[in-house]
Amino acid sequence: HRRLPPRHDGPAANRLRVHWGAGLGDSVILFASECGREMAAQGRPAPYDEVETLDRLLTSVERGEMIGGIETETRPTLVVVRPHPPEVANKFDAVTANRKARVVVSAAGTPGEAIMAADLAAGMNSMLLHEAKALGRPVVSLVGVEI
């Protein structure tokens with residue numbers, strides 16, 4: 001028998017889902033941000049932009065597209081933006097304001113708890129995505145990087 005990845009096992013993951021405002025039947029996509037804009041300001045530009053990538057993800061959710069195996073058309077979906085430590089939460093205000101998609105910016109819990117609380121870890125190429133894969137959780141790179 002093939003073991004399926006644990007799903008919201010444990011009180012920490014369940015508390016985090018409640019903290020985020022996820023309902024019992026909701027799918028939760030954890031968007032692992034990166035500090036690309038901050039690095040670019042220091043002279044080291046990234047090949048992608050985290051705010052534009054988040055905007056594309058939210059647009060896909062609003063269109064009801066399938067994202068990494070998550071059916072967003074028929075299941076209520078919550079996107080949780082997890083800022084990279086140097087990022088400030090209001091960095092995402094312009095892209096998250098007035099959206100049809102449900103979205104919350106939260107650094108609550110440990111990275112491992114956030115991974116276990118989510119149904120899918122999505123992002124670019126962050127260590128959080130690689131950690132999620134190592135934990136056997138569903139992962140998708142929104143910029144085509146092999147995770």
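Residues numbered from 1 in each chain as written. Predicted model: local features only at pLDDT ≥ 70, side-chain atom pairs only at ≥ 80, totals over all residues. Heavy atoms only, no water.

*Asks:* Describe the overall build of the protein, and please don't skip the residues or the numbers.
*Replies:* The helix and strand tally for the protein stands at six helices and seven strands. Mapped from its N terminus to its C terminus, the protein presents α and β elements in the order α-β-α-α-β-β-β-α-β-α-β-α-β. Over its C-alpha atoms the protein spans a radius of gyration of 15 Å, differing by no more than 12% from the 15 Å that the globule rule assigns to 147 residues. Considering the protein as a whole, with its 147 residues, one finds that 44% of them fall into the buried category. Expressed as a percentage of contacts within the protein between residues at least 6 apart in sequence, the contacts between residues at least 24 apart total 65%. If you sum the accessible surface of the protein, you get close to 7,900 Å²; carbon and sulfur atoms cover 54% of it. (Helix = DSSP H or I, 4+ residues; strand = E, 2+ residues; numbered from the N terminus. Rg over C-alpha atoms; globule rule 2.2 N^0.38 Å. Buried < 20%, exposed > 50% of the residue type's maximum accessible area, 1.4 Å probe, protein only. Contact = heavy atoms within 4.5 Å. Areas by Shrake-Rupley, 256 points an atom, 1.4 Å probe, with all protein chains shown as cover.)

*Asks:* Would you mind going over the side chain of Thr72 in detail, with residue names and values included?
*Replies:* Note that Thr72 resides in the loop between β3 (70-71) and β4 (77-82). A polar side-chain atom of Thr72 sits 2.5 Å from the main-chain carbonyl oxygen of Glu65. What Thr72 contacts, discounting residues up to four positions off in sequence, is Ile29, Ser60, Val61, Gly64, Glu65, Ile67 and Thr77. (Polar contact = N/O pair within 3.5 Å; in protein donor to acceptor, adjacent residues only side chain to side chain.)

*Asks:* Outline the nonpolar core, listing residues and values.
*Replies:* Within the largest apolar cluster, 19 residues are counted, with the highest numbers of intra-cluster contacts made by Trp20, Val28, Leu30, Val80, Ile115 and Leu128. Broken down by secondary-structure element, the contributors of at least two residues to this core are α1 (11-20), β1 (27-32), β4, α5 (111-117) and α6 (127-134). Considering every element that reaches this core, the biggest residue donor is α5, with four residues. Look past the residues within four positions of Val28 in its chain and what remains in contact with it is Arg17, Trp20, Ala22, Leu78, Val80, Ala117, Ala118, Asp119 and Leu120. Counting 18 residues, the second largest nonpolar core, distinct from the first, contains Leu57, Val79, Leu120 and Met124. (Core = buried A, V, L, I, M, F, W, Y, C linked by side-chain atoms within 4.5 Å.)

*Asks:* Now, about the sheet that holds strand β5 (residues 102-105): what can you tell me, with residues and values included?
*Replies:* The five strands lie next to each other as β5-β4-β1-β6-β7, forming an open sheet whose pairing is parallel. Edge positions in the sheet fall to β5 and β7 (139-141), since each has one partner strand and no second. For this sheet, the mean inter-axis angle between neighbouring strands, taken without regard to orientation, is 25 degrees. Where β1 and strand β6 (residues 120-123) come together, four bridges link them in parallel fashion. (Pairing = 2+ DSSP bridges. Axes fitted to C-alpha atoms, helices over the stretch in contact; angles between N-to-C directions.)

*Asks:* Now, about unusual backbone geometry: what can you tell me, with residues and values included?
*Replies:* The backbone phi angle of Asn98 is positive, close to 55 degrees, even though this residue is not glycine. Positionally, Asn98 belongs in the loop between α4 (93-96) and β5.

*Asks:* For the pairing of β4, give the residues involved together with the corresponding values.
*Replies:* Looking along a regular strand, one sees the side chains alternate between the two faces of the sheet. Extensive coverage of β4 is indicated by the burial of six of its six residues. What you see with β4 is no split at all: Thr77, Val79 and Val81 on one side and Leu78, Val80 and Arg82 on the other are buried throughout. Taken together, the four bridges between β4 and β5 define a ladder with parallel strand orientation. For Val81, the partnering residue across the bridge sits in β5 and is Val105.

*Asks:* Any chance you could break down the environment of Glu113 for me, citing the residues and the numbers?
*Replies:* Relative to the elements of secondary structure, Glu113 occurs in helix α5. Take Glu113: its relative accessible area is 28%, and that puts it in the partly exposed class. For the pair Glu113 and Gly10, spaced 103 residues apart in sequence, the C-alpha separation works out to 9.2 Å. In this view, Glu113 contacts Ala12, Ala13 and Leu16; residues no more than four positions away in its chain are not counted.

The values are spatial; any link to function lies outside them.
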